[in-house]
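One letter stands for each residue in the lines below.
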Amino acid sequence: GDSVTQMEGPVTLSEEAFLTINCTYTATGYPSLFWYVQYPGEGLQLLLKATKADDKGSNKGFEATYRKETTSFHLEKGSVQVSDSAVYFCALYNYGQNFVFGPGTRLSVLP
Amino acid sequence: DAGVIQSPRHEVTEMGQEVTLRCKPISGHDYLFWYRQTMMRGLELLIYFNNNVPIDDSGMPEDRFSAKMPNASFSTLKIQPSEPRDSAVYFCASSYTEYTEAFFGQGTRLTVV
């Protein structure tokens, strides 16, 4: 079945550092790809998405590009802030199936 | 819209008791999902509904778990009897279609002692 793999956390960065969280997937066909963020004590919130190859999703300074050739959807941000500390989930949806979430990557940003 | 609303936010119960978790999806959303989140297993899909009809309950761990959606604006997840290993955060989510993004509630943190 479809699956999503994320880099293991936790990831600890200093404020203004560059962030990359790797995500790769295994799926048949052409899934849609998502990044969700979960702040402490909250539910998951959609951060960005891409629905076809080479699409770039972006939001709040985060971006990710759908790379079908490498089956990847890495999350990047040029300059992280303390308020970005959260758990980040990569997910995919394939038509006729359910959403599949990765295990999540915890990010801690230190001032 | 206020978003997906779950109640209660926290629930502490004794082993063997019945627990009912509640969810109000976003109005107009046809899909409703119940997820369980634990440190060990991450986020697991338990069941989802389309237009109030259960479509896939293969994620429900065992017969102690049941879910209903009597109308488009309300769903329940019931555990009877509860066990300590059921302790987790349970999320409800809804979406307009099955391939659009899901909107999550804030979750119910269940502790079974």
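J.: For this particular structure, what's the right way to read the state of the cysteines?
T.: What is meant by a disulfide is a covalent connection between two cysteines, made through their sulfur atoms. Taken as a whole and assessed by the stated rule, the structure comprises two disulfides over all chains. Across the disulfide, C23 of chain A is cross-linked to C90 of chain A (sulfur-sulfur distance 1.9 Å). Taking the torsion about the S-S bond as the criterion, the C23 of chain A to C90 of chain A disulfide, at about -70 degrees, is left-handed. Residue C23 of chain A is found in strand β4 (residues 23-26), and its partner C90 of chain A is found in strand β10 (residues 86-93); the two are separated by 67 residues along the sequence. Note on accessibility: C23 of chain A and C90 of chain A belong to one class, buried. Each disulfide pairs two cysteine sulfurs, and for C23 of chain B the partner residue is C92 of chain B, the sulfurs being separated by 1.8 Å. Taking the sign of the S-S torsion, about -65 degrees here, the bridge from C23 of chain B to C92 of chain B comes out left-handed. Residue C23 of chain B is found in strand β3 (residues 19-24), and its partner C92 of chain B is found in strand β9 (residues 88-95); the two are separated by 69 residues along the sequence. A relative accessible area of 1% means that C23 of chain B is categorised as buried.

J.: When you look at the interface of chain B and chain A in this model, what are you seeing that I'm missing?
T.: In many analyses, interface size is given as the accessible surface area lost on bringing the parts together. Facing the 16 residues of chain B at the interface are 16 residues of chain A. Counting the surface lost from both chain B and chain A, the interface buries some 1,500 Å², and carbon and sulfur atoms represent 52% of this. Summed over the shared surface of chain B and chain A, the number is one salt bridge. Across the salt bridge formed by K49 of chain A and E101 of chain B, the nearest N and O atoms sit 2.8 Å from each other. The interface formed by chain B and chain A contains five residue pairs in polar contact (both at pLDDT 80 or more). Counting only elements with at least two residues in the side of chain B that touches chain A, the list comes to β4 (31-38) and β5 (42-50) of chain B. Broken down by element, the residue count for the side of chain B that touches chain A peaks at three residues, all from β5 of chain B. Across the side of chain B that touches chain A, the residue classes tally to eight nonpolar, four polar and four charged.

Each value, and the rule that gives it
- Residues numbered from 1 in each chain as written.
- Chains lettered and ligands numbered in written order.
- Predicted model: local features only at pLDDT ≥ 70, side-chain atom pairs only at ≥ 80, totals over all residues.
- Heavy atoms only, no water.
- Disulfide = S-S within 2.5 Å.
- Helix = DSSP H or I, 4+ residues; strand = E, 2+ residues; numbered from the N terminus.
- Buried < 20%, exposed > 50% of the residue type's maximum accessible area, 1.4 Å probe, protein only.
- Contact = heavy atoms within 4.5 Å.
- Buried area = accessible area lost by both parts, 1.4 Å probe.
- Salt bridge = Lys/Arg side-chain N within 4 Å of Asp/Glu carboxyl O.
- Polar contact = N/O pair within 3.5 Å; in protein donor to acceptor, adjacent residues only side chain to side chain.
- Nonpolar A, V, L, I, M, F, W, Y, C, P; charged D, E, K, R; others polar.

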